[in-house]
Amino acid sequence: MAKKLLIVESPAKAKTIEKFLGSDFAVKSSYGHIRDLEKGNDLGVDVHKDYSPNYVIPPEKLKTVKDLRDAASRVEEVWLATDEDREGEAISWHLCEVLGLDVHSAKRIVFHEITKPAIQQAVQNPRLLDLNLVNAQQARRVLDRLVGWELSGLLWKKIKGQLSAGRVQSVAVKLIVEREREIQRFQISPYFRVTADFLAPNAQGKTVSFRAESPDRFEDAAGAGAFLQKCFHAAYTVDTVDVRPARRRPAPPFTTSTLQQEASRKLGYSVNRTMSIAQGLYEQGFITYMRTDSTNLSELALQAISDEVVKQYGQRYQHTRRYKTKSSSAQEAHEAIRPTYIENATAGANRDEQRLYELIWKRTMASQMADAELEKTTVDIGISTQPGAHLVAEGEVLQFDGFLKVYLESTDDDEDEKQGILPPLKVGQPLQLDNLTATERFTRPPARYTEAALVKKLEELGIGRPSTYAPTITKIMEANRGYVVKDSRPGEQRGFQILVLKNNTISKSKGSEIIGATKNVLYPSDMGMIVCDFLDAYFQKIMDYGFTAGIEQQFDHIAEGKLDWAKMIDRFYKPFHQDVEKTLAEAERASGERILGADPDSGRTVLVRMSSLGKPVVQIGTGEELGKKEKPKYANLKPGNTLENVTLEEALTCFALPRTLGEHQGQEVSVNTGRYGPYVRFGELFVSIPKSEDPFELSFERALELVAAKQAADRPLGFYEGQPITKGKGRFGPFIKWADLYVNVPARVNFDRITEQQAIELIASKIEKEATRFIQHWPEEKISIENGRWGPFVRYNKKPVNLPKVEGAKMTADQARALSLADVKAIIEKEMPGVFTKKGKKI
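Residues numbered from 1 in each chain as written. Predicted model: local features only at pLDDT ≥ 70, side-chain atom pairs only at ≥ 80, totals over all residues. Heavy atoms only, no water.

**Remarks on the sheet that holds strand β25 (residues 677-682)**
For clarity, the cut-off: Strand pairing requires that DSSP identify at least two bridges connecting the strands. Note on conventions: DSSP H or I runs of at least 4 residues are helices, E runs of at least 2 residues are strands, and numbering of each starts at the N terminus. Each axis is a line fitted through C-alpha atoms, taken for helices only over the stretch in contact, and angles between the N-to-C directions span 0 to 180 degrees. Contacts are assigned to residue pairs with any non-hydrogen atoms lying within 4.5 Å of each other.
Here we have 4 strands laid out as an open sheet, ordered β23-β24-β25-β26, and antiparallel in their pairing. Only two strands of the sheet have a single partner each, and these edge strands are β23 (659-664) and β26 (685-688). Put simply, the sheet's adjacent strands are angled 25 degrees from each other on average, direction ignored. In this structure, β25 lies alongside β26, joined through 4 bridges in antiparallel fashion. If you follow Val-680 over to β26, its bridge partner there is Val-687. Contacts from helix α18 (residues 700-714) reach β23, β24 (667-674), β25 and β26, with the element oriented near 105 degrees to β26.

**Digging into the environment of Val-671**
Tracing the sequence through the fold places Val-671 in strand β24. Sequence separation between Val-671 and His-577 is 94 residues, and the spatial gap between their C-alpha atoms is 48 Å. Apart from residues no more than four positions distant in its own chain, Val-671 is found in contact with Leu-657, Pro-658, Arg-659, Leu-661, Tyr-679, Val-680, Ile-689, Pro-695 and Leu-698.

**A word on the pairing of β23**
As paired strands, β23 and β24 are joined by 5 bridges and run antiparallel to one another. Each residue of the ladder has a partner; that of Glu-663, found in β24, is Glu-668. Hairpin geometry of β23 and β24 is characterised by an intervening segment of 2 residues between the two adjacent antiparallel strands and by a positive phi of about 55 degrees at Gln-665.

**Overview of empty space enclosed by the protein**
One water molecule sets the probe size; rolling that probe over the atoms shows where empty space is left. The condition is simple: Of the grid points, spaced at 1 Å and generated over the protein atoms alone, those admitting a 1.4 Å probe that cannot get out make up cavities, while open sets with protein on both sides within 12 Å along at least five of seven lines make up pockets; any residue with an atom within 4 Å of a point is treated as lining. Grid points are joined across faces, edges and corners, and a volume is the space filled by probe spheres set on the points. When residues are grouped by polarity, Ala, Val, Leu, Ile, Met, Phe, Trp, Tyr, Cys and Pro land in nonpolar, Asp, Glu, Lys and Arg in charged, and all others, Gly among them, in polar.
Going through the model one piece at a time under the given rule, you end up with 3 cavities of 30 Å³ or more. Forming the walls of the largest cavity are 14 residues, and the residues nearest its centre are Ser-164, Gln-169, Ser-170, Val-173 and Tyr-483. Of all the secondary structure elements, the ones that give two or more residues to the lining of the largest cavity are α6 (167-185) and α14 (526-538). A per-element tally of the lining of the largest cavity places α14 first, with 4 residues. Considering only residue class, the lining of the largest cavity consists of 8 nonpolar, 5 polar and 1 charged.

**Considerations on the packing of aromatic side chains**
Quick reminder of the rule: Each pair of aromatic rings taken from Phe, Tyr and Trp, with Trp reduced to its six-membered ring, is defined by centres within 6.5 Å and is described as stacked if the planes are under 30 degrees apart, edge-to-face if over 60, and tilted in the remaining cases. To sort residues, take the accessible area from a 1.4 Å probe on protein chains only and compare it with the maximum for the residue type: under 20% means buried, over 50% means exposed, and anything in between is partly exposed. Lysine NZ or arginine CZ positioned within 6 Å of the ring centre and within 35 degrees of the ring normal marks a charge as sitting over the ring.
Tallied over the entire structure, the rule returns 18 aromatic pairs. On the basis of an interplanar angle of 25 degrees and a centroid distance of 6.0 Å, the ring pair of Phe-547 and Phe-572 is categorised as stacked. Of this pair, Phe-547 sits in helix α15 (residues 545-559) while Phe-572 is found in helix α16 (residues 565-586), placing the two residues 25 residues apart along the sequence. Take Phe-572: its relative accessible area is 8%, and that puts it in the buried class. Linked through ring pairs, Tyr-51, Phe-539, Phe-547, Phe-572, Tyr-573 and Phe-576 together constitute an aromatic cluster. One Lys or Arg, Lys-174, reaches over the ring of Tyr-545 and ends 5.0 Å from the middle of that ring. Residue placement shows Lys-825 over the ring face of Phe-836; its charged tip is 5.3 Å from the ring centre.

Right, here's the structure in full:
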C-alpha cells in the first residue's frame, strides 16, 4: 500500500507521472483549482479586513475534495506537485488549507518536464511552498475581482445589463478599438512605383530577365508619365556593383507568446487552441512546461540538441547559443518550451499535437544551428537621358543554409517581395531594356490585429503574463460580452493605372485588385467601442497601458517578496472605488448616439444609437419632435454597418423591412427583423434567417426553403403524456419543447439523432428540477424567489436580483419563504429604481 500521496493538477499528468514512481506513491489529480472566491451575491473579498478573500469550494469540486481527503487519510505523507507557475503554487496552497496540511512544512516538488529523470530528481529535492508566489496570484485574483465586480455593476446601470469589464480585458479591447479607428481615419493616397525589366546573360550565357526599381515614388500619373517620357531612346549602364556578405540568425526557442504567435501564422491555430494542444503535449511528457517567458535552455538540453544537430546535419551546422530573455520579469530558472527528448522528431496522439510538436522541435533545433550565410548584391543602373536619376536592382544568393535547413520564422507581414538572384553584372556593362513600367499603388492602413498580433502587442506593452494571454483573448470574444469578434470579410475591387514604356512607346492600361479582404482578424463591435469609450472617459488610469503594465510589475515584486500584497491592493482600490461612486452618481447613460441628419420624408432627426437591449438601431424622431402619443420609428442597423461609419443614406435603407415576398398556400410570406435578429414570417410561423444571409436581399424561393426546413424540424419527434415533443435550436443551443417547457439538450446527447425515450428522460428530469426551483412564485407578476447555485435569489421578468443579507449572512431559503410580495417588490425597486412606477417600455 502506498505511503505517500502526490497531488497534481490533471488526470493526464497523474497517469504519466504514476509510471515513473514506485509503489510508495499514489498519484491523484485536483482537476485544477479546488477553491475560488465566492460568486453569486457576494463580492468574495472583505475590503474592510485587509482585502481578506472568502474562498469557497464550488459544488462541482466537492466530490474531488472528498476523494482527496479520503486518499490523504490513508497515507503517511502528502506531497504537492502542481505546475511551477503562480497558479500552480496557489493550487498547492489551497490544497494545504483544504486538506489540513501545514503550509510551512508541506513538501512541494516542481519540474519543467514530465520525464522519469526530472520526476525522480524532483522527488529527491522537495522544497517548501513559496508563499510569495501564492500572494502574487492572490493579489491578481483579488484585484481582478474588485475591478470586474465594480465596473461590471456600473456598466449594467450605465449601458446595458449582463455586460462585464476586467482590468486586462478592457485594455485589450481598447487596443482593438484604437486600431479600428486608426484604420477608419486613414487617408489612402495613390502613388506610382516604377520598375524596369532588363535582359542580360547569366553565368551559362543564357539571356535572362531581372528587375530593377526606381528609388523615387511619383505622386500621380503625370509625374510617372513624365519620367517614362524622359527615358525615350535612353541607354542603360551598370554604374556600381556592391557585393556584401550577410548573415541571418535563428530565432530563440519558444516562449508562451512566441509559440502562440507562430502557431497562428504557420498552423492557423487560435491562441486558446495552441495552449490546449501544448497542455496535452506537456502532460504526456513530450515537451517542457508551456507557460514560460524564458528563452533559456538547460545545459543538459543544450548538449543533447547540439549532439542531435551534428548527428543529423554535420558539425558545420552546429552552433551553441545561450539566449537571455529581454523581459526583466522573466524567470531564467525556467526553461523555454522544447521537446523533452530532442531525438524524437515526431510526437503526439493526434494530428494537431503532431503539427505543434513538429513546430516546437524545428524551432528548438534551429536555435542551436549555425547562421545562414548569404551574399547580397546591389546594382545601380544609370539612365543616359536622366543623369540625376538611377534604377536599383537587388539580389541575394544563399551561400550556406545553416539553420534555414530546418526552420524559418514567420512574421505578421509576409507580403514583401522576395529578392531573386541577379545574373553576373560588371561596372560599365550596357543593359538591354525590355520594358519600363509605372504602376499605380496606394498607401495601406495598419493591419487589424490577429490573435497572435494582439498577444505580441500585449507582451510589448508589458500587459499580462504567459498564463493570462489566452484567457484574456478568449474573454473579450465571449458572445455574452459581444465586445470583439474574430471574422473573415470579403474585400472590394479597386482599379489602378499602368503605364508601360516599350520600344520607345508608352501604352496605358488598367488593372484591378481586391483590397480590404481579411482572414481571422479581430473587429470591435459597436458595444465594444461604447464600453471602451465610457471606461476611457471615467477611468483613465485603468485604461492606461503604462499603468496596467505597472500593476503587472507590482505583482512581480510581490512574487519576489518585495511588496505586501494587501497594501498594494489598498493603494489601488481606494481611489478606484471613489471613481466608481462618482461615475455612478454623475455619468449619463452611454449609448453611442450619433445624429446623421434629417429624414427627407418627415423632416425629423435621423440618429443611430445602442438600444437598452444592446442592439445598434436607427431612430427617426426625437422626443422634442414627436406628438404626445407618438413614438419614434426604429430599425435595426444592417450587418456591416456600425454606429460610427453608417451614413444617412445607408441608415434610411434599414427601414425597408418588413418586406413582403409573396404568397404561399394562401398565406403571406414576409421578411422582417426583431429582437433576436432577422426572420421570415409565414402565417404564425417565424423562421430565423442565418447570419450569413442578408434579409434585404433574401429571395422568395430561399424564404420557402427556410420555411420548409423549419416545418420539418418542428415535426414532433414523439409524445409525452399525450402532448407533442418538438426540437429546435435557439440562442443558447439545441433544445426540446414540451407543453410550455423548454429543455436544453446536453452535449452528451446527439441532437440530430435524439430519440423519443431520450427526450422523455430529459423532460422528466427538468420537471423534477423545476419542482424544487421555486421557493415562492407569483406568475402573474413575473416574480419568483428561486433556489440558485449560490443560494436564494429573486427573478423579475427573467432578470436575477440579489436578496439582501440578514445580519451579515446570506438569506436562507426559510427566510426567503417568509417574505411577502410587497417585501420582494421593495427589494426589486431598490435594485431597479422606477421599475414599478414607470409606464411603458424602454427600447
